Amino acid sequence: MRPIRVLVAKPGLDGHDRGAKVIARALRDAGMEVIYTGLRQTPYQIVQAAIQEDVDVVAMSILSGAHNHLLPKVVELLKSEEADDILVIGGGVIPEEDIPFLKEKGIAEIFTPGTPTTVTIKFIKENLKRELA
């Protein structure tokens, strides 16, 4: 069976990537293949990278406050590219009151600061939309 492929992305103008690098390392150490896009990615760039890399998961880290716009836009673009079998998760500084809206818009789960990486790893493994060949 092939490893789970995860695209770790930083949407928007957010310039801090320590959390994204921590989660990328934890996912890699858990046996997943991780592709990190780097800082300041547009939703379009994230979706194109996800398709080109044939990932199973898009994991976005956001601290800028633009989560209610940027995260749903990625889900919308994935659907328009007929790639909505990719699991989309988010993390970062996201207020609790915004999480129901994000889930309604197609973000499978939101991981806030302090969430153990083991929780994120377990969620990914249990909620993949694609079969691993």
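Keep in mind it's a predicted model, so treat the numbers as computed, not measured.

**Student:** Before we go on, may I ask you to explain the sheet that holds strand S5 (residues 109-111) in this structure?
**Tutor:** One key point about sheets: their strands pair by backbone hydrogen bonds, in either a parallel or an antiparallel sense. Spatially, the five strands line up as an open sheet ordered S2-S1-S3-S4-S5, and their pairing is parallel. Two strands lie at the open edges of the sheet, namely strand S2 (33-36) and S5, each paired on one side alone. The sheet shows a mean angle of 25 degrees between the axes of neighbouring strands, taken without regard to direction. Bridge count for strand S1 (residues 5-9) against S2 is four bridges, and the pairing is parallel. Bridge assignment links Arg5 to a residue of S2, and that residue is Glu33. Packing against the sheet, helix H3 (residues 67-80) makes contact with strand S3 (57-62), strand S4 (87-92) and S5, and its axis sits at approximately 165 degrees to S3.

**Student:** Please explain the side chain of His67 as it appears in this structure.
**Tutor:** The residue His67 is located in helix H3 in this model. Judged by its relative accessible area of 4%, His67 falls in the buried class. Among residues more than four places away in sequence, those in contact with His67 are Ile62, Pro72, Val93, Ile94, Pro95, Asp98 and Leu102.

**Student:** How do you make sense of the layout of surface pockets when you look at a structure like this?
**Tutor:** Empty space left among the atoms is revealed by rolling a probe the size of a water molecule over them. Estimated volume of the largest pocket: approximately 400 Å³. Along the walls of the largest pocket sit 23 residues, with Gly19, Ile23, Gly91, Gly92 and Phe111 positioned nearest its centre. Going through the elements one at a time, helix H1 (18-29), S3, S4 and helix H5 (117-127) are the ones with two or more residues in the lining of the largest pocket. Sort the elements by how many residues they give to the lining of the largest pocket and H1 lands first, with five residues. Taken together, the residues of the lining of the largest pocket sort by class into 13 nonpolar, ten polar and no charged.

**Student:** Can you walk me through the pattern of salt bridges in this structure?
**Tutor:** Any two side chains of opposite charge can pair if their charged atoms end up close together. Counted according to the given criterion, the structure contains ten salt bridges. With a shortest N-O distance of 2.7 Å, Asp56 and Arg2 are connected by a salt bridge. One end of the pair, Asp56, is in the loop between helix H2 (43-52) and S3; the other, Arg2, is in the segment before S1, with 54 residues separating them in the sequence. For Asp56, a relative accessible area of 0% corresponds to the buried category. For Asp17, the salt bridge identified is with Lys21, shortest N-O distance 3.3 Å. Among the charged side chains, a salt-bridge network with shared partners connects Arg5, Glu33 and Glu53.

**Student:** Could you clarify how one ought to interpret H5 in this entry?
**Tutor:** Side chains that are three or four residues apart share a direction in an α-helix, a result of its 3.6 residues per turn. Taken together, the buried positions of H5 are occupied by Thr120, Ile121, Phe123 and Ile124. End-on view of H5: buried residues confined to an arc of 160 degrees, all on one side of the axis. Seen from the buried face of H5, the exposed residues on the opposite side, beyond 90 degrees, are Thr118 and Glu126. Looking at the buried positions of H5, the neighbouring elements they touch are H1, S3, S4 and S5.

**Student:** Explain the pairing of S3 here, please?
**Tutor:** Taken residue by residue, a regular strand's side chains alternate between the two faces of the sheet. Among the six residues that make up S3, six are buried, leaving the element largely enclosed by the rest of the structure. By the alternation rule, side chains of S3 split into Val57, Ala59 and Ser61 and Val58, Met60 and Ile62, which are all buried. Of the strand pairs in this sheet, S1 and S3 are connected by four bridges, and their pairing is parallel. If you follow Leu7 over to S3, its bridge partner there is Val58. In terms of strand pairing, S3 meets S4 through six bridges, oriented parallel. Within the sheet, the bridge partner assigned to Ser61 lies in S4 and is Gly91.

Cut-off values and rules
Residues numbered from 1 in each chain as written. Predicted model: local features only at pLDDT ≥ 70, side-chain atom pairs only at ≥ 80, totals over all residues. Heavy atoms only, no water. Pairing = 2+ DSSP bridges. Helix = DSSP H or I, 4+ residues; strand = E, 2+ residues; numbered from the N terminus. Axes fitted to C-alpha atoms, helices over the stretch in contact; angles between N-to-C directions. Contact = heavy atoms within 4.5 Å. Buried < 20%, exposed > 50% of the residue type's maximum accessible area, 1.4 Å probe, protein only. 1 Å grid on protein atoms, 1.4 Å probe; cavity = no way out; pocket = protein on both sides within 12 Å on 5 of 7 lines; lining within 4 Å. Points joined across faces, edges and corners; volume = space filled by probe spheres on them. Nonpolar A, V, L, I, M, F, W, Y, C, P; charged D, E, K, R; others polar. Salt bridge = Lys/Arg side-chain N within 4 Å of Asp/Glu carboxyl O. Arc of directions from axis to C-beta.

None of this, on its own, says anything about what the molecule does.
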